[in-house]
Amino acid sequence: MKTVPASEPAGPAPRPSAPVVHTAKEHTAESLAADLAALGVEPGEVLWVQAGLRSVGPVAGGAATVVRALLEALGGPGLGTLVTYTATPENSDTSRLAARLTEGLTPAELAAHRAAMPAFDPRTTPASPTMGRLAEQIRRTPGAARSNHPQTSFAAVGVHAGRITATHELDCHLGESSPLGRLYELAARVLLVDVPLSRLTAFHLADLRAAEPSMRSYGCVVTDGTGQPRWQHFQAPDLDDQHFGELADALLGADALLGAGAAVRSGRLGDADCLLVPVVAAVDVAGRVLRGRAGPARTAAAPQD
């Protein structure tokens, strides 16, 4: 099998090996909000969600109810801020998804595939199905704002939504000049719902801070000023998540040394196992690990399943 650079950041991940046991009861916004409060989610905070929604179990009203529960736990959009990652690898010819979709195509088939690729428009382009149903539901929530990066956009609802999504430089997928930099500044926490700590997207910020990154070429189709598609090619850091398991182990190992507000918390949302992870602690601990060695391992990776 051919390999391609690990050019897509961590998002909702392959499910853990242990099966999720669903309860017979149907979860409601009220019961889910109570679960979030028990986990430690607080009104007024900035909460970034990476979620495998299926593991939550039966929910009356589906993804919209989960979003309502999240906002309720945050004190509503007038007090808290809900954030999600709305990446779109489908519009790229350099992503791992693109490599899978085009492997073995003839030149004519490849040209037809490229001509049919959806152009990114931050106002209307859905979050990739690979990001999960909850990401798209948050993007479509009234009042949501979205950053304009054609590959690694974020969406947010609430008091800090504008600040989080306002700046997202093209050559900065997940660095300081992206919403991830603002989430660090705002001391956000990440709610991982049936997503392992080794898939924490925030580790990319530590990666990019720790050493001068290698650069690579990216390409994607976007809309121009008239709504017509055009190709955009640019240079940006080569993203890799193959060493995130090591960073996750380091964060859990340092947990006992962190203060109560910086520790990783565990609990349940419906039927799903969850982790509540402070962005600052995760990035800082990972940064110490990365600075303690020659640099992040930037190896090629096989396309993900």
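Sequence positions are assigned chain by chain, starting from 1 and proceeding in written order. In keeping with the predicted nature of the model, local features appear solely for residues at pLDDT of at least 70, side-chain atom pairs appear and are counted solely at 80 or more, and the whole-chain, interface and lining totals rest on all residues. Values shown for side chains rest on all heavy atoms present in the structure; no hydrogens or waters enter the calculation.

All right, on to the sheet that holds strand 9 (residues 272-278) then. Strands are treated as partners if at least two bridges between them are detected by DSSP. In DSSP terms, a helix is any run of H or I states spanning at least four residues, a strand is any run of E spanning at least two, and both are numbered starting from the N terminus. Judged by pairing direction, the sheet is mixed, and its seven strands sit side by side in the order 3-4-2-1-5-9-8 without closing on themselves. Both outer strands of the open sheet, strand 3 (145-146) and strand 8 (265-269), are each paired with one neighbouring strand and no more. Sheet analysis places strand 5 (residues 189-193) next to strand 9, joined by five bridges and oriented antiparallel. Looking at strand 9, one finds that Leu-192 is bridged to Leu-275.

Here the nonpolar core consists of buried residues drawn from Ala, Val, Leu, Ile, Met, Phe, Trp, Tyr and Cys, with membership extended through side-chain atoms lying within 4.5 Å. The rule is simple: take the accessible area with a 1.4 Å probe, protein chains only, and divide by the maximum for that residue type; under 20% is buried, over 50% is exposed, in between is partly exposed. By size, the foremost hydrophobic cluster in this structure holds 48 residues, and its most contacted members are Trp-48, Leu-200, Phe-203 and Val-277. For this core, the element with the most residues is helix 10 (residues 279-291), which contributes six residues. Of all hydrophobic cores here, the second largest spans 30 residues; its members include Ala-33, Leu-36, Leu-70 and Ala-272.

Moving on, we get to the environment of Val-289. Position of Val-289 relative to the elements: it lies in helix 10. In sequence terms Val-289 and Ala-206 are 83 residues apart; their C-alpha atoms lie 9.4 Å from each other. In this structure Val-289 touches Glu-246, Leu-247 and Ala-250, once residues within four positions along its chain are discounted. Residues count as neighbours in contact if any of their non-hydrogen atoms are within 4.5 Å of one another.

Turning next to the pattern of salt bridges. The term salt bridge refers to a pairing of a side-chain nitrogen on Lys or Arg with a carboxyl oxygen on Asp or Glu at a separation within 4 Å. Summed over the entire model, instances satisfying the criterion amount to 11 salt bridges. Between Asp-241 and Arg-96 there is a salt bridge; the shortest N-O distance is 3.8 Å. Residue Asp-241 is located in the loop between strand 7 (229-237) and helix 9 (244-254), and its partner Arg-96 is located in helix 3 (residues 96-102); the two are separated by 145 residues in the primary sequence. By the burial criterion, Asp-241 is buried, and Arg-96 matches it. Between Arg-139 and Glu-136 there is a salt bridge, and its shortest N-O distance comes to 2.8 Å. Of this pair, Arg-139 and Glu-136 both sit in helix 5 (residues 133-139), three residues apart, roughly one helical turn. When its relative accessible area of 15% is taken as the criterion, Arg-139 is described as buried. Its relative accessible area of 16% is what places Glu-136 among the buried residues. Each of Arg-96, Arg-199 and Asp-241 takes part in one network of salt bridges that share partners.

Moving on, we get to the packing of helix 8 (residues 203-210) against helix 10. Axes, fitted as lines to C-alpha atoms, cover a helix only where it is in contact. Angles between the N-to-C directions of the axes lie from 0 to 180 degrees. Where helix 8 meets helix 10, the closest approach of the two axes is 8 Å, and the angle between their N-to-C directions is 40°. Overall, the two elements helix 8 and helix 10 adopt an arrangement that is oblique. Crossing hand, helix 8 versus helix 10: right-handed. Every residue of helix 10 that contacts helix 8 at Phe-203, Leu-205, Ala-206, Asp-207, Arg-209 and Ala-210 is listed here: Ala-282, Val-283, Asp-284, Ala-286, Gly-287, Leu-290 and Arg-291. Residue classes in the contact of helix 8 with helix 10 are distributed as eight nonpolar, one polar and four charged. Should an angle fall under 35 degrees it is called roughly parallel, over 145 degrees roughly antiparallel, and 65 to 115 degrees roughly perpendicular, with every other angle called oblique. By definition, any crossing whose near helix is turned counterclockwise from its far helix by less than a right angle is left-handed, and any crossing with a clockwise turn is right-handed. Gly is put with the polar residues, along with every residue not named as nonpolar or charged; the nonpolar set is Ala, Val, Leu, Ile, Met, Phe, Trp, Tyr, Cys and Pro, and the charged set is Asp, Glu, Lys and Arg.

Moving on, we come to the side chain of Ser-92. Relative to the helices and strands, Ser-92 resides in the loop between strand 2 (81-85) and helix 3. Under the rule applied, a polar contact is a pair of N or O atoms within 3.5 Å (in protein, one hydrogen donor and one hydrogen acceptor; residues adjacent in sequence only if both atoms are side-chain atoms). A distance of 3.1 Å separates the side chain of Ser-92 from the side chain of Gln-151, its partner in a polar contact. Every residue in contact with Ser-92, bar those within four places of it in the chain, is listed here: Ala-98, Met-117, Gln-151, Gly-219 and Cys-220.

Now for the packing of helix 1 (residues 29-39) against helix 2 (residues 63-73). Where helix 1 meets helix 2, the closest approach of the two axes is 8 Å, and the angle between their N-to-C directions is 45°. When the axis of helix 1 is compared with that of helix 2, the two are oblique. Handedness of the crossing formed by helix 1 with helix 2: right-handed. Of the residues in helix 2, those in contact with Ala-29, Glu-30, Leu-32, Ala-33 and Leu-36 of helix 1 are Thr-65, Val-66, Arg-68, Ala-69, Leu-70, Glu-72 and Ala-73. Among the residues making up the contact of helix 1 with helix 2, the classes are represented as eight nonpolar, one polar and three charged.

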